[in-house]
Amino acid sequence: VSILGVCQWLQSLPWASGIKESSWQFPVIEGIHSLALSAMLWPAAILDLRLLGWIMPRRRVSTVAAQFLPWVWIGFTSMVLSGAILFAAEAVKCYNSPFFRIKIILIGVAGMNALVFHKTVFGDIASWDDSTTAPWRAKVAGGCSLAIWIGVVAMGRALAYA
Amino acid sequence: MLSESFLPFFEWCGRTWLGVTVRDTVWAFPLIETFHLLALAILLGTVLIVNLRAFGLGARRSSYAQIAGELEPWMLVSLAVLIVSGIPMAMSEPMKCYESYSFPIKMVLLLLAILWHFTVQRKWTSPDALRLTPMKSKLAACFSILLWTCIGIAGKGIPYV
């Protein structure tokens, strides 16, 4: 079974082809996908910008993380769910698009970046939480996260018009 | 939906250098839309963070006024980016905008949201706005979230309805 075969099967399912054929279902799900992006991307960017020291320097990184990470998780879950439905409706188009492949790779890299950050420098946060500037490794993680997510949005838009 | 008296203006938009350039450059529209969406994420994210605070959700360790004050510059910058990136997109396909229901609705809601923000919203989130009754602030928060969300949805709807 090839990946393309799976995509063709997915797209042919009654509910998936129904989304594509309906005049309003695809844009409504796409709208939810964009709204979830707002719920996730900006809270994530606030934490990234704090790590870089560009905003809220007097507030502890642990406080900012505790305030905004729950939003990131709720938003990310809604994005994956709505994104999966959009993918099913256009599976073959996505499979053939280089932008979609880059998008998925970038999301994977964003996940790795977050995982490494949490396992290493964030795990040791007690030692630098009181300082206004984060260690360079935390800054790199924040900068990478920002750049990767901007790339994810750009690939998503490129996919829609290609 | 729009009256025919607007037609010459929309036709003119499509003939301008900006409109023609964006329309004729393959990658221009998705590139501009990327910035539009990133700015939308900042603006809508800020609206959510600030207004859900009125319900005791989200950033609980900071006061409503504190959060609103800290995020205000980001909201204004993202609003500016949204308008600046939105104009070339609309000018590149003015007839689509003219014929759709979503575009005029979006513009009216946007005007309403900007007026609301600089009048009521700003007054109610000022540091001395503690006298505000919780019910009133919750209603205002709901209205803000609803308004900005509808603007986003109306934008998504332009190519469709």
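Residues numbered from 1 in each chain as written. Chains lettered and ligands numbered in written order. Predicted model: local features only at pLDDT ≥ 70, side-chain atom pairs only at ≥ 80, totals over all residues. Heavy atoms only, no water.

### Considerations on the nonpolar core
Part 1: Counting residues in hydrophobic clusters, the biggest one holds 64 residues, and the most contacted among them are I46 and W128 of chain A together with I49, L71 and W148 of chain B.
Part 2: Secondary structure elements with two or more residues in this core: α3 (25-52), α4 (61-89), α6 (98-119) and α7 (136-161) of chain A together with α3 (28-52), α4 (64-92), α6 (102-124) and α7 (134-157) of chain B.
Part 3: For L71 of chain B, the contacting residues outside a window of four places in its chain are W42, I46 and M56 of chain A together with T46, I49 and V50 of chain B.
Part 4: In terms of nonpolar packing, the next biggest core, distinct from the first, is built from seven residues, L10, A16, A91 and V92 of chain A among them. (Core = buried A, V, L, I, M, F, W, Y, C linked by side-chain atoms within 4.5 Å. Buried < 20%, exposed > 50% of the residue type's maximum accessible area, 1.4 Å probe, protein only. Helix = DSSP H or I, 4+ residues; strand = E, 2+ residues; numbered from the N terminus. Contact = heavy atoms within 4.5 Å.)

### Thoughts on the confidence of the model for chain A
Part 1: Looking at chain A as a whole, the pLDDT averages 91, with 100% of positions reaching at least 70.
Part 2: Per-residue pLDDT, averaged within each element of chain A, yields its smallest value for α3 of chain A (90) and its largest for α6 of chain A (94). (pLDDT = per-residue confidence, 0-100.)

### Description of the side chain of S34 of chain A
Part 1: Mapped onto the secondary structure, S34 of chain A falls in helix α3.
Part 2: Within the structure, the side chain of S34 of chain A is placed 3.3 Å from the side chain of K156 of chain B, a separation counted as a polar contact.
Part 3: With sequence-adjacent residues up to four places away left out, S34 of chain A is seen in contact with L37 and K156 of chain B. (Polar contact = N/O pair within 3.5 Å; in protein donor to acceptor, adjacent residues only side chain to side chain.)

### Some details on the interface of chain A and chain B
Part 1: Listed by partner, the interface residues are 29 residues for chain A and 29 residues for chain B.
Part 2: Together chain A and chain B conceal approximately 2500 Å² of surface at their shared face, both sides included; 74% is due to carbon and sulfur atoms.
Part 3: At the boundary of chain A and chain B, one finds three salt bridges.
Part 4: On the surface where chain A and chain B come into contact, there are six residue pairs in polar contact (both at pLDDT 80 or more).
Part 5: Elements with a contribution of two residues or more to the side of chain A that touches chain B: α3, α4 and α7 of chain A.
Part 6: Sort the elements by how many residues they give to the side of chain A that touches chain B and α3 of chain A lands first, with 14 residues.
Part 7: Looking at side-chain class alone, the side of chain A that touches chain B contains 20 nonpolar, six polar and three charged residues. (Buried area = accessible area lost by both parts, 1.4 Å probe. Salt bridge = Lys/Arg side-chain N within 4 Å of Asp/Glu carboxyl O. Nonpolar A, V, L, I, M, F, W, Y, C, P; charged D, E, K, R; others polar.)

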